[in-house]
Protein chains: 2
Amino acid sequence: MPASQARPAAEPGGRSTMKDVAAAAGVGVKTVSRVVNEESGVGAATAARVREAIEALGYRRNDGARLLRQGLRTGSVGLVIEDLADPFYAPLCRAVEEVARRHGSLLFSGSSAQQPQRERDLVLAFCARRVDGLILVPTSADHSYLLPEQAAGTPIVCVDRPAAGLLTDTVLSDNARGAREGVEHLLRAGHRRIGFLGDAPEIHTAAERLRGYCAALTAAGVPTREAWVSMSAPEPARLHLALERMLTGRRPVSALLCGNNRITVAALRELAALPHRPALVGFDDFELADLLTVPVTVVAQDPARLGRTAAELLFARLSGERGPAQWIELPTRLIPRGSGELPVRHA
Amino acid sequence: MPASQARPAAEPGGRSTMKDVAAAAGVGVKTVSRVVNEESGVGAATAARVREAIEALGYRRNDGARLLRQGLRTGSVGLVIEDLADPFYAPLCRAVEEVARRHGSLLFSGSSAQQPQRERDLVLAFCARRVDGLILVPTSADHSYLLPEQAAGTPIVCVDRPAAGLLTDTVLSDNARGAREGVEHLLRAGHRRIGFLGDAPEIHTAAERLRGYCAALTAAGVPTREAWVSMSAPEPARLHLALERMLTGRRPVSALLCGNNRITVAALRELAALPHRPALVGFDDFELADLLTVPVTVVAQDPARLGRTAAELLFARLSGERGPAQWIELPTRLIPRGSGELPVRHA
DNA sequence: ATGAAAGCGCTAACAT
DNA sequence: ATGTTAGCGCTTTCAT
């Protein structure tokens, strides 16, 4: 294996500046600037000398200084999501990145890890770097700290969830309708006792999906029961308890709607051990859902489209698009694969 | 002017500066600077007036200008990976982000999408923004374009693969050994005709895993056959052909080693249709591998640890750590789940 | 305790 | 075709 060899790694040994290049080439700084920025008005011979000096010194323009002087855009946007490693947010992030790249922008990104303080720290640090705009999966309960940024002209787009106490462009899935369609699918298979495993109710998407779940049952004339609903963070221990309660009581559920990808996966793991498995519809699609022992029916969101839409909206604003804050709801898609079509077992 | 007029969404109209704040508070800029940076030497009353003005104007310090003047660190690092949405790279990225946060650094990130030009563009753009350091999953065949950056003192850490034509700190998995152990596992189950579905041979990890595959077979006195090896990008069509060739020839393989997570998933999808499935070991672990019809045995890497290790190395360099470039190989872990223990079927 | 002036690396606006 | 000067928003240095 390529073993160690001598090399001093990190030393601010020196970034040469335009002034250095100018001196080395025997020209003025403005001439170097012209060459670096490919402006016209430099003789071929001079330009060649400058380029040589640039090469020799390893010069690279300092964009920070450039942007400060120009005072326009910084060519960067900030993205704060909940968790970059979550298979739902990763494609969203990737899509934002792609749109940013097409617009010549760099991307600052960070995960809030559901901690309002972290969201705030990240957002404000990005603003201090003068990002041209922000894309945000809100976690805080209050976003009024963003008012000054908005007033200063920094466009903000919220994605997946709306901001609280702040009027911004917002892109999200039609969560209530998605949940409703998931439940209706189970109702069509004959189920009447349908449980809902949702995330913590403070989370907007979780609340919306609960709303859709209830609406579907009510519309079908099926009573809802508190014992069939669990709303909490997807910790295995809690899910285990909730499932036990729902599946073993006097009125056990025959079907489940899972509130998001993490809950679905955790639930599948719990259910795998059981002899008889309830019917199941998961919110969010996930890789290999089709290859499981019982392929999993899901209400799919399109995270990449969420990200793309949000980013395009942001750059539209940056291109001068005026008008009231937009609220865009993208449709979900029910994908039947088997688990949602399981019939009711009669004990 | 710090105009406080009603403004529409995006208008680079008004960022107030220290000067504005100073004027509003009736003090000098240096006093504002002192308050903003919590330096001592400002009277309580003055400080209060300044803070009021800051609040009223929605002032936020411009870190770009600050950093330019200070000339030290920018408090940012750049991360270029192959694809942020890939379930292997996403946790790696997340781990880097976490370490960066702990060190008070922001993260620029971008996906090279396996395109050398994109890698280069991203890296150089990050350098122009004067990131303090770079973490890179190399895609180019030649990284000599980074020599000036390195010479200027920007530490560079390569992760998952080494750079070509550049000596940098490098963190990767022991790919050859991992592949070897995967094959040995299949040999122990009695297999002698073992196929390898690898990624394109230009990719360092793919080449190393091929090497481990060959080494294991050779050590066991089992001949290798070209027809049992396929090295190419994980396109479904190509994988289909490769699998057909391996599984239906005169000497069909009885077992497969898949070269990475994407290939494993694609192969599983192909194999799902078959009546008799070969034994299979996948390189890279993936979610739900344990819940598939035949739970999948894998050679697991630890992407988060790769990222964490690389980031910690980077910040160690930034803290002045000298010494030769490091080459760190992290172990892989074989996780038997079933698919790798399937016996040889005798036709 | 406070502020005026210089300058970080660059570019806009004028010279020449 | 090329150079000079000023200034972006901030901090550093040095007065007061």
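Residues numbered from 1 in each chain as written. Chains lettered and ligands numbered in written order. Predicted model: local features only at pLDDT ≥ 70, side-chain atom pairs only at ≥ 80, totals over all residues. Heavy atoms only, no water.

- By the naming in an unreviewed UniProt entry, chain A is LacI family transcriptional regulator, taken from Kitasatospora kifunensis.

**Overview of the overall build of chain A**
Line of reasoning, step 1. Across its full length, chain A holds 12 helices and 12 strands.
Line of reasoning, step 2. Its C-alpha atoms give chain A a radius of gyration of 27 Å, more than 25% over the compact-globule value 20 Å for 347 residues.
Line of reasoning, step 3. Dimensions along the principal axes, computed over C-alpha positions, put chain A at roughly 90 × 60 × 35 Å.
Line of reasoning, step 4. Sorting the 347 residues of chain A into buried and exposed places 52% on the buried side.
Line of reasoning, step 5. By sequence separation, contacts in chain A at least 24 residues apart represent 65% of the contacts at least 6 residues apart.
Line of reasoning, step 6. Carbon together with sulfur atoms contributes 52% to the accessible area of chain A, which is approximately 15,200 Å² in total.
Line of reasoning, step 7. Looking at chain A, you have 42 positive and 38 negative side-chain charges, and the mean spots of the two groups are 1 Å apart. (Helix = DSSP H or I, 4+ residues; strand = E, 2+ residues; numbered from the N terminus. Rg over C-alpha atoms; globule rule 2.2 N^0.38 Å. Buried < 20%, exposed > 50% of the residue type's maximum accessible area, 1.4 Å probe, protein only. Contact = heavy atoms within 4.5 Å. Areas by Shrake-Rupley, 256 points an atom, 1.4 Å probe, with all protein chains shown as cover. Lys, Arg positive; Asp, Glu negative; His and termini not counted. Charge placed at Lys NZ, Arg CZ, Asp CG, Glu CD.)

**As for the pattern of salt bridges**
Line of reasoning, step 1. Summed over all chains, the structure comprises 40 salt bridges over all chains.
Line of reasoning, step 2. Close ionic contact of Arg161(B) with Asp160(B) constitutes a salt bridge, the shortest N to O distance being 3.8 Å. (Salt bridge = Lys/Arg side-chain N within 4 Å of Asp/Glu carboxyl O.)

**Observations concerning the interface of chain B and chain A**
Line of reasoning, step 1. In this assembly, 76 residues from chain B lie in contact with 75 residues from chain A.
Line of reasoning, step 2. Taking both partners together, chain B and chain A bury about 6,700 Å²; carbon and sulfur atoms supply 54% of that area.
Line of reasoning, step 3. Linking chain B with chain A are 10 salt bridges, by the criterion used here.
Line of reasoning, step 4. Linking Glu149(B) and Arg60(A) is a salt bridge whose minimum nitrogen-to-oxygen distance equals 2.1 Å.
Line of reasoning, step 5. In this structure, the connection of chain B to chain A is made through 31 residue pairs in polar contact (both at pLDDT 80 or more).
Line of reasoning, step 6. Elements that contribute at least two residues to the side of chain B that touches chain A include exactly α4 (63-70), α5 (89-102), β2 (106-111), α6 (116-128), α7 (147-151), α11 (261-271), α12 (303-318) and β11 (327-330) of chain B. (Buried area = accessible area lost by both parts, 1.4 Å probe. Polar contact = N/O pair within 3.5 Å; in protein donor to acceptor, adjacent residues only side chain to side chain.)

**Considering the side chain of Arg209(B)**
All names here are of chain B.
Line of reasoning, step 1. Relative to the assigned elements, Arg209 resides in helix α9 (residues 204-219).
Line of reasoning, step 2. Among buried charged residues, Arg209 stands out as having no salt bridge; its nearest opposite-charge side chain is Asp284, 4.5 Å away.
Line of reasoning, step 3. With residues near it in sequence (within four places) discarded, Arg209 still touches Asn175, Ala179, Phe196, Gly259, Asn260, Phe283, Asp284 and Gln301.

**A short note on the relation of the copies chain B and chain A**
Line of reasoning, step 1. Rotating chain B by 180 degrees and moving it 0.1 Å along the rotation axis overlays it on chain A with an RMSD of 0.1 Å. Considering both components of the superposition, the chain copies are consistent with a two-fold axis.
Line of reasoning, step 2. Comparing contact sets, 88% of the residues at the interface of chain B also lie at the interface in chain A, consistent with an isologous, same-surface contact. (Least-squares fit on C-alpha atoms with pLDDT ≥ 70 in both.)

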